[in-house]
Amino acid sequence: MPRSPRSDALANRAGILDAARSTLANDPHASVDVIARSAGLSRRTLYGHFDDRDALIRELIVTGAQRFNAIAESISDADARTALARLAARLWQEAAHVQFAAALALDEAHVEHTADALAPLRRAVAQLVQRGQDDGSFRTDMAAPTLSRLIEEVARTVVARTDASSSGAANLAVRTVLSIAGLSWREADDLLTAHPDITETPA
């Protein structure tokens, strides 16, 4: 009995987030009323969990960021080039499933909040770039923090501008990131040929 209200509240919150993902995927400008109806809840109930629409979007960003951060932690390739390619591919595959949310997260209105939520991922990229520069795998004509930021900005553009459903989108995303890191298109070809699993579409 004491747990029931909490259990209901958790279920309602999860339902709101699920409804927000699906509703915003169809209409990025959907109102709180539309999201509440989609969740089968009243507007008042939704406001019991989130102060406003922005707070709801921020929560979506945080939950998405947790998945991205976990992906970064899962990359274990010793070779910096392979690690960067695999990281780019896995992040792209995740973002492609929720491209609308990724676009919202990368919107100027939320980019600062997104940066905070993705701090572990950004650290992982910075460490990877430094490792690649140290062993000569990546370009060294700019400082590691600058290169890391450039890779981040290019990845942001790819997510926002590329049709996730288009054929070869993951391959394009990976090649773009590798080119910014300093690999030629031939080097990227060789790497992806040697590791075909990197850009394979998950079953």
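Right, let's walk through the structure included here.

Reading the values: rules and limits
- Residues numbered from 1 in each chain as written.
- Predicted model: local features only at pLDDT ≥ 70, side-chain atom pairs only at ≥ 80, totals over all residues.
- Heavy atoms only, no water.
- Helix = DSSP H or I, 4+ residues; strand = E, 2+ residues; numbered from the N terminus.
- Buried < 20%, exposed > 50% of the residue type's maximum accessible area, 1.4 Å probe, protein only.
- Contact = heavy atoms within 4.5 Å.
- Expected span 1.5 Å × (residues − 1).
- Polar contact = N/O pair within 3.5 Å; in protein donor to acceptor, adjacent residues only side chain to side chain.
- Core = buried A, V, L, I, M, F, W, Y, C linked by side-chain atoms within 4.5 Å.
- Salt bridge = Lys/Arg side-chain N within 4 Å of Asp/Glu carboxyl O.

Quick look at the environment of A39 now. When you line up the elements, A39 lands in the loop between α2 (32–38) and α3 (43–49). Residue classification places A39 among the partly exposed residues on the basis of a relative accessible area of 23%. Between the C-alpha atoms of A39 and A14, which are 25 residues apart in sequence, the distance is 9.4 Å. If we skip the residues at most four places from it in the chain, A39 touches G15, I16 and A19.

The subject of this paragraph is helix α4 (residues 53–74). For α4, built from 22 residues, the straight-helix expectation of 32 Å at 1.5 Å per residue is met to within 8% by its first-to-last C-alpha distance of 32 Å. All of the buried residues in α4 are A55, L56, I57, L60, I61, T63, A65, F68, N69, I71 and A72. Where α4 begins, the side chain of D52 points an oxygen toward the backbone nitrogen of D54, at a separation of 3.2 Å.

Once that is clear, we can look at the nonpolar core. Among the nonpolar cores identified, the biggest contains 43 residues, and L84, L87, L121 and I151 are the most heavily contacted of them. Looking at this core, the elements with two or more residues in it are α4, α5 (80–97), α8 (119–134), α9 (144–161), α10 (169–181) and α11 (185–194). Ignoring sequence-local partners within four residues, the contact set of L84 consists of L128, F138, I151, V177, L178 and A181. Grouped together as the second largest cluster of nonpolar side chains are 13 residues, A20, V32, A36 and L56 included.

We now examine the pattern of salt bridges. A complete count under the given rule lists eleven salt bridges for this structure. Residue R139 pairs with D141 through a salt bridge whose shortest N-O separation is 2.9 Å. Put simply, D77, R86 and D197 are held in one network by salt bridges that share partners.

Given a rise of 1.5 Å per residue, 13 residues ought to cover 18 Å, and the 19 Å separating the end C-alpha atoms of α10 matches this to within 8%. Considered for burial, the residues of α10 that qualify are A169, A170, A173, V174, T176, V177, L178, I180 and A181. Downstream of α10 by one or two residues, G182 has phi in the positive range, about 120 degrees.

Let's shift gears to the side chain of T82. Within the secondary structure, T82 sits in helix α5. According to the relative accessible area criterion, T82 is buried, its value standing at 5%. For T82, the contacting residues outside a window of four places in its chain are D77, L191, H195 and I198.

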